[in-house]
Amino acid sequence: MILGAIADDLTGATDLALILSRNGMRVVQVIGVPASLDAIAQKADAVVVALKSRTIPADQAIATSLAAARALKAAGARQLFFKYCSTFDSTDSGNIGPVAAALMEEVGTDTTIVCPSFPENGRTVYKGHLFVFDQLISDSPMKDHPLTPMRDSDLVQVLSRQTDKPVHLIPHETVQQGHEAIVGALRPGLSIIDAITDHDLQTIGRAVADLPLITGGSAAAMGLPKVYRERGLVGALSPGAGFTAPHGRGVILAGSCSAMTRRQIIAAKKAGVSTLHLDALKIASGETTRETVVDFVEAQSAATPPLVYSSADPAVVAQAQAELGQMRAGEIVEDLLAGVATRLAAQGFTRIISAGGETSGAVVAALGISALQIGPEIDPGVPWVAALDSERPLCLALKSGNFGSEDFFIKAWGMLA
Ligand code: ADP
């Protein structure tokens, strides 16, 4: 393992994992702090530990981040990356500064960078000020974020209120002069670094490839794989490297009621996929059970995966919620789909496509999976992943509701052919 990353939330972890994987690194994403990463480290150039620490108190965020750092270091990580949001989500009592400072102590360094810039998503840093597209973040809707309102765009000021360590600025003029100029400008403490283009981030990547600790948004990692490759630390450029899909049967489980998922279901039907629609009320009454659904799936042709979906338009969902309660309606559908996934996996199914954020969370939790090898990207933000800690070989495509193009299900399956 070359890079060990600690991400402060799950989707941010996937974001970072994909940036590294797209650039040819073998990446494993781990959900929560693992007891040991030794076995996983054999199969990965980078391990991204997904925490849920963005908005928790600083002392707790430090504790969980240090535990992740120690597991990564123990498994051989040469360099650590602390990943936070490109909108620098934190308050004056926020934990980015305290966690960065604690990680510096942990790895024994007095120097790191702070680089939230993500130009592709409109986040840039200039003269130490964070912009969201054309606005300072303090003028953007982020100023009213319910948990982390960003009322000050000057990151030197924001970070200085969070940590006792010195906070500096490496201005864009220096970044433009190239990586050696950046290295020359690094001083003890936390250096906010201006970056307004991907080219800047590539230059920064080259400058910081030897720092024991880097902190930033996921895009701050984009320059690293190339440098690692030049040094012979990672193999040839092949996105999704390290992922292999097990042969076997598949199923598509959709619990998302989002507009895009419903369009994807229509597209799958048109393409001839066999489907089973689940009615939340029939699940509640016991008319539809895990067994009836599994029997349906088993009876279909093995050539293409059948689609089981509870997805429905808002009026149908509202009626189920009126009768069952909003929470219970969601839970019984999630429980059923997760139960179907575990039963099919136990019966030898090896490929599961799941639509819906909560639905996918329930499926992964029921399967008891916490380590995922990142595979090829199906649509932006959605890779195939292989479970590394399930009893049997299993790969999954986990899509949040509105992600993916209309032909997502067909495309995902086709990629494994
Ligand atoms: P998305 O990513 O689109 O938000 P989620 O899976 O996160 O999808 O959320 C969808 C929620 O709706 C889940 O809790 C799911 O169980 C619930 N749900 C799905 N189908 C129905 C239905 N027919 N009636 C009521 N709730 C449903």
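Further up the page is the structure itself.
Residues numbered from 1 in each chain as written. Predicted model: local features only at pLDDT ≥ 70, side-chain atom pairs only at ≥ 80, totals over all residues. Heavy atoms only, no water.

(A) Broad picture of the site of the ligand. Residues in close proximity to the ligand total 18 residues, the closest being S256, S258, E334, E358 and T359. Within the side chain of S258, one N or O atom sits 2.5 Å away from an oxygen atom of the ligand. Note that an oxygen atom of the ligand is positioned 2.8 Å from one of the backbone N or O atoms of G357. If the ligand stood free it would expose 570 Å²; the protein chains cover 82% of that surface. Of all the cavities here, the one that holds the ligand is the second largest pocket. Listed by contribution, the elements that provide at least two residues to the shell around the ligand are helix 13 (314-324), helix 14 (326-346) and helix 15 (357-367). Of all the elements, helix 14 adds the most residues to the shell around the ligand, at four residues. (Near = heavy atom within 4 Å. Polar contact = N/O pair within 3.5 Å; in protein donor to acceptor, adjacent residues only side chain to side chain. Areas by Shrake-Rupley, 256 points an atom, 1.4 Å probe, with all protein chains shown as cover. 1 Å grid on protein atoms, 1.4 Å probe; cavity = no way out; pocket = protein on both sides within 12 Å on 5 of 7 lines; lining within 4 Å. Sits in = over half its atoms within 2 Å of the grid points. Helix = DSSP H or I, 4+ residues; strand = E, 2+ residues; numbered from the N terminus.)

(B) Up close: the packing of helix 13 against helix 14. In contact at an axis separation of 7 Å, helix 13 and helix 14 are set at 110° when each is read in the N-to-C sense. Compared by their axis directions, helix 13 and helix 14 come out roughly perpendicular. Of the residues in helix 14, those in contact with A320, Q321 and L324 of helix 13 are Q326, R328, A329 and I332. A breakdown of the residues in the contact of helix 13 with helix 14 according to their chemical character gives four nonpolar, two polar and one charged. (Axes fitted to C-alpha atoms, helices over the stretch in contact; angles between N-to-C directions. Parallel < 35°, antiparallel > 145°, perpendicular 65-115°, else oblique. Contact = heavy atoms within 4.5 Å. Nonpolar A, V, L, I, M, F, W, Y, C, P; charged D, E, K, R; others polar.)

(C) Seen up close, the pairing of strand 12 (residues 250-254). Of all the five residues making up strand 12, five are buried; the element is thus mostly covered by neighbouring parts of the structure. Side-chain alternation along strand 12 places G250, I252 and A254 on one buried face and V251 and L253 on a second face that is also buried. Note: strand 12 against strand 14 (residues 307-309), three bridges, orientation parallel. Opposite I252, over in strand 14, you have L307 as the bridge partner. (Buried < 20%, exposed > 50% of the residue type's maximum accessible area, 1.4 Å probe, protein only. Pairing = 2+ DSSP bridges.)

(D) Molecular detail of the pattern of salt bridges. Overall, the coordinates contain 19 salt bridges when judged by the stated rule. For R26, the salt bridge is made with D45, and the minimal N-O distance between the two is 3.0 Å. One end of the pair, R26, is in the loop between helix 1 (10-22) and strand 2 (27-31); the other, D45, is in the loop between helix 2 (38-41) and strand 3 (46-50), with 19 residues separating them in the sequence. On the basis of relative accessible area, D45 is assigned to the buried category, the value being 7%. The closest approach of N and O atoms between K165 and E105, which form a salt bridge, is 2.7 Å. (Salt bridge = Lys/Arg side-chain N within 4 Å of Asp/Glu carboxyl O.)

Just distances and angles here, no functional claims.
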